[in-house]
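Architecture and fold: a report
What follows is each chain in one-letter form.
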Amino acid sequence: KGMALPQRIPFPPEKICMDWQQRQRPGAGLLNLGNTCYINVILQCLTYTPPLANYLLSHEHSQSCQQQGFCMMCIMEVHIRKVLHSSDSAILPGAVLRDLKFIGEEFEIGRQENAYEFLRCALNAMQRACLSGSSNTDISSQETTIVHQIFGGFMRCRVTCLRCQAVTDSYKAFLDVSLDITAASSLTTVLEDCVTPRELDLKECFKCSKCKRKVAASKRVTIHQAPRVLTLCLERADRWTGRKISKFVDYPEYLDLRPYMSDTAGEPLLCSLYAIVVHSGDTCLEGHFFCYTKASNGLWYKMDDESVDNCDTHTVLGQQAYLLFYVR
């Protein structure tokens, strides 16, 4: 209700396979060419995202791809297959490095960059690849590609007039959620704060369609449609000073999204943690990225460029996480 229906669905959701099709040890590590750790961690997290890996390993995209030149989906298909099936302990993500400017024009080889920015650019590049050759596609249809079917969800913003109680709803698609952790000690408290209604003052100029005038109102943002893979960024840069927020924020192995949904009634909506990205270093502008991912064999591994070492869940849950990946 209130959301436009897509004119066509590029990728039907029933075709998505959420469970690993084959179980195996983790694949190869990734060589660092100098300050390319931000690329490596995101590639590893995407490689161990089950529905994405299943789709790319099926060759479905490359068999129908008509794109000339750069195609991020084709690059990821080759990369994931190479990582998971390589007999080498580490490989070079050569195609990604070669086409870095096509993924995000702001990136430069050898320069310190941000893993979260690379993730967003990589997903956007994959989305562009999915829409290649389909001009004039309406916005709602664009939000049903394989990228959006896996990573995408919808937020609902409900504004309630405090004079007559009339409600106005608007919806926005998202591929990731960025969270302010300045005053938080745990992920659940951050999420609770996000869905707590806040009062808008008259300066924020909400005009009630029923009252026909500017009124005081309250605003509440909730997850209206949960993604199959929820990607969360715990903002480590202080918004005012830019300094790194180096504190531990507690996050669970299993997260119930139901309390943060527009409809809080019904069964729990459980997500399982399968990857995290950690930034080590005193400031946000320097340091090193590494990650922990759960392989298809169900075990956790620390992936630090070329090294891939098994670890336990307790270690994973004790990190100063920067990015969190949960799968439904």
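In this text the structure is predicted, and so the values were computed from the model without any measurement. (Residues numbered from 1 in each chain as written. Predicted model: local features only at pLDDT ≥ 70, side-chain atom pairs only at ≥ 80, totals over all residues. Heavy atoms only, no water.)

Details of the pairing of strand β9 (residues 217–225)
Direction of pairing for strand β3 (residues 153–161) relative to β9: antiparallel, over a ladder of 8 bridges. Looking across to β9, one finds that Thr160 is bridged to Ser218. For strand β6 (residues 198–200) and β9, the ladder comprises 3 bridges, and the chain directions are antiparallel. Each bridged residue has a counterpart across the sheet, and for Glu199 the counterpart in β9 is Ser218. (Pairing = 2+ DSSP bridges. Helix = DSSP H or I, 4+ residues; strand = E, 2+ residues; numbered from the N terminus.)

A look at the sheet that holds β3
The 4 strands are arranged β4-β3-β9-β6 in an open sheet whose pairing can be described as antiparallel. Edge positions in the sheet fall to β4 (167–174) and β6, since each of these pairs with one other strand and no more. Going across the sheet, the axis of each strand differs from the next one's by a mean of 30°, ignoring polarity. (Axes fitted to C-alpha atoms, helices over the stretch in contact; angles between N-to-C directions.)

Things to note about the side chain of Glu77
You can see Glu77 is positioned in helix α4 (residues 72–85). Arg81 provides the closest opposite charge to the buried, unpaired Glu77, separated from it by 5.6 Å. A polar side-chain atom of Glu77 sits 2.5 Å from a polar atom in the side chain of Ser62. Ignoring sequence-local partners within four residues, the contact set of Glu77 consists of Leu56, His59, His61 and Ser62. (Buried < 20%, exposed > 50% of the residue type's maximum accessible area, 1.4 Å probe, protein only. Lys, Arg positive; Asp, Glu negative; His and termini not counted. Salt bridge = Lys/Arg side-chain N within 4 Å of Asp/Glu carboxyl O. Polar contact = N/O pair within 3.5 Å; in protein donor to acceptor, adjacent residues only side chain to side chain. Contact = heavy atoms within 4.5 Å.)

So, helix α7 (residues 115–131)
The terminal C-alpha atoms of α7, which comprises 17 residues, lie 24 Å apart, in line with the 24 Å expected from a rise of 1.5 Å per residue. Summarising burial for α7: 12 of the 17 residues are buried, a large majority. Capping the start of α7 is the job of one residue whose side-chain oxygen sits 2.7 Å from the backbone nitrogen of Tyr116: Asn114. (Expected span 1.5 Å × (residues − 1).)

As far as function goes, none of this settles anything; it's purely spatial.
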